[in-house]
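In case you want the letters, here they are:
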Amino acid sequence: MKTYTYATKGLDTLKLDVYTPENIKPTDSLPVVIWMHGGGFSSGERNGIDELNIVNAANKNGYIGVSITYRLLRKGTDTGFSCNCSKEDKMFTFNQAVIDFLDATNFIYQNSKMLQVDTTKIIAAGSSSGAETALHAAFMRRFFISDLSMYQDIKFAGVIGFSGAFLDIDHLTIDNAIPVALTHGTEDQAVPFGSAPHHHCKPTKPGYIMLHGAKTITEKLDTLESSYYLNLVKNGTHDAANVHPEDLDDIFYFLNKTVLKNEVIQTKKYTLPKPTIY
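Structural notes, computed from the coordinates.

Rules used throughout
Residues numbered from 1 in each chain as written. Predicted model: local features only at pLDDT ≥ 70, side-chain atom pairs only at ≥ 80, totals over all residues. Heavy atoms only, no water. Helix = DSSP H or I, 4+ residues; strand = E, 2+ residues; numbered from the N terminus. Rg over C-alpha atoms; globule rule 2.2 N^0.38 Å. Buried < 20%, exposed > 50% of the residue type's maximum accessible area, 1.4 Å probe, protein only. Contact = heavy atoms within 4.5 Å. Areas by Shrake-Rupley, 256 points an atom, 1.4 Å probe, with all protein chains shown as cover. Lys, Arg positive; Asp, Glu negative; His and termini not counted. Charge placed at Lys NZ, Arg CZ, Asp CG, Glu CD. Expected span 1.5 Å × (residues − 1). Salt bridge = Lys/Arg side-chain N within 4 Å of Asp/Glu carboxyl O. Disulfide = S-S within 2.5 Å.

**Regarding the overall build of the protein**
Then, number 1: Helix and strand counts for the protein come out as seven helices and eleven strands.
Then, number 2: Computed over its C-alpha atoms, the radius of gyration of the protein comes to 17 Å, within 12% of the 19 Å expected for a compact globule of 278 residues.
Then, number 3: A buried classification covers 57% of the 278 residues belonging to the protein.
Then, number 4: A fraction of 74% describes how many contacts in the protein between residues 6 or more apart in sequence connect residues 24 or more apart.
Then, number 5: About 12200 Å² of surface is accessible on the protein, with carbon and sulfur atoms providing 50% of the total.
Then, number 6: Within the protein, the 30 negative side-chain charges are centred at a point lying 1 Å from the centre of the 26 positive side-chain charges.

This is the structure:
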């Protein structure tokens, strides 16, 4: 593993860890998974259990794994990222997280030869707030960033999301649809499985915004005849954001078929909740 600084923003020095398969050859150019950890934009780290599980699975399947830090703008705030956090603060947090994600991706892109990355096969990935950011970066970057000239060369080939959602399902279109692998609990009370308010906030609350989760996203991809994999955790809560190694084989099988071989696959898997990882 090698660590790089991809940006310095105010007091934040933003780093990323690059995990490369041991058997890589000097002439290889490999697909890459860029992972953003969860934590409600207030906590988390780039070398936690989830992060190690995802980069290890990436390496096992012939991908480079990248785990990034980003600005935790809700850290130390009184309102966190729930119903008392204003809509304006939530939108600003989403906006800045998307910028951080794209800046990290741009670093990978600009240094692709050194890192041996195939820039046509970049997978945006994350858990919870990281999954929200990955989905927004893939499908709504124009909504968040008016001048995309810095990121015009970046094209994501797929998305992995654990307990993620995004703001406007209409931004997912036939023109930008890519393979998406989602894991989500049907009873998630923080990030909705279908279309519902974030944290199920009441309309009178400052933080009331609608989000569209895995159920709505995969239904839209179904109508677009685009690839998706849905691990539907029956009666699962937001704990489905935890990354379990035994679930990753199916995700990478899906990516290998759709991203690497251009096959169209639409599949659902039904599972039961697993114990929380500590």
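Now, onward.
**Digging into helix α7 (residues 245-260)**
Then, number 1: A rise of 1.5 Å per residue sets the reference length of α7, with its 16 residues, at 22 Å; its end C-alpha atoms lie 21 Å apart and thus fit the reference within 8%.
Then, number 2: Turning to α7, its buried residues number three or more, namely D247, L248, I251, F252, F254, L255, N256, T258 and V259.

**Some points on the pattern of salt bridges**
Then, number 1: Summed over the entire model, instances satisfying the criterion amount to twelve salt bridges.
Then, number 2: Between D118 and K121 there is a salt bridge whose closest N-O contact spans 3.4 Å.
Then, number 3: Shared partners join several salt bridges into a network, and the residues in it are K9, R71, D100 and D103.

**Some points on the side chain of T105**
Then, number 1: One can find T105 in helix α2 (residues 87-110).
Then, number 2: Residue classification places T105 among the buried residues on the basis of a relative accessible area of 0%.
Then, number 3: Beyond its immediate stretch of four places on either side in the chain, T105 contacts I34, I122, I154 and F156.

**Structural notes on the state of the cysteines**
Then, number 1: Evaluation of the coordinates by the stated rule reveals one disulfide.
Then, number 2: Covalent S-S linkage joins C83 and C201, the inter-sulfur distance amounting to 2.1 Å. Looking along the S-S bond of the C83-C201 disulfide, the torsion reads about -95 degrees, which is the left-handed sense. Within this pair, whereas C83 is found in the loop between β4 (64-68) and α2, its partner C201 is found in the loop between β8 (195-197) and β9 (210-212), the two being separated by 118 residues in sequence. C201 matches C83 in its accessibility class, with the two residues each being buried.
Then, number 3: The closest cysteine sulfur to the non-disulfide-bonded C85 is located on C201, 9.3 Å from its own sulfur.

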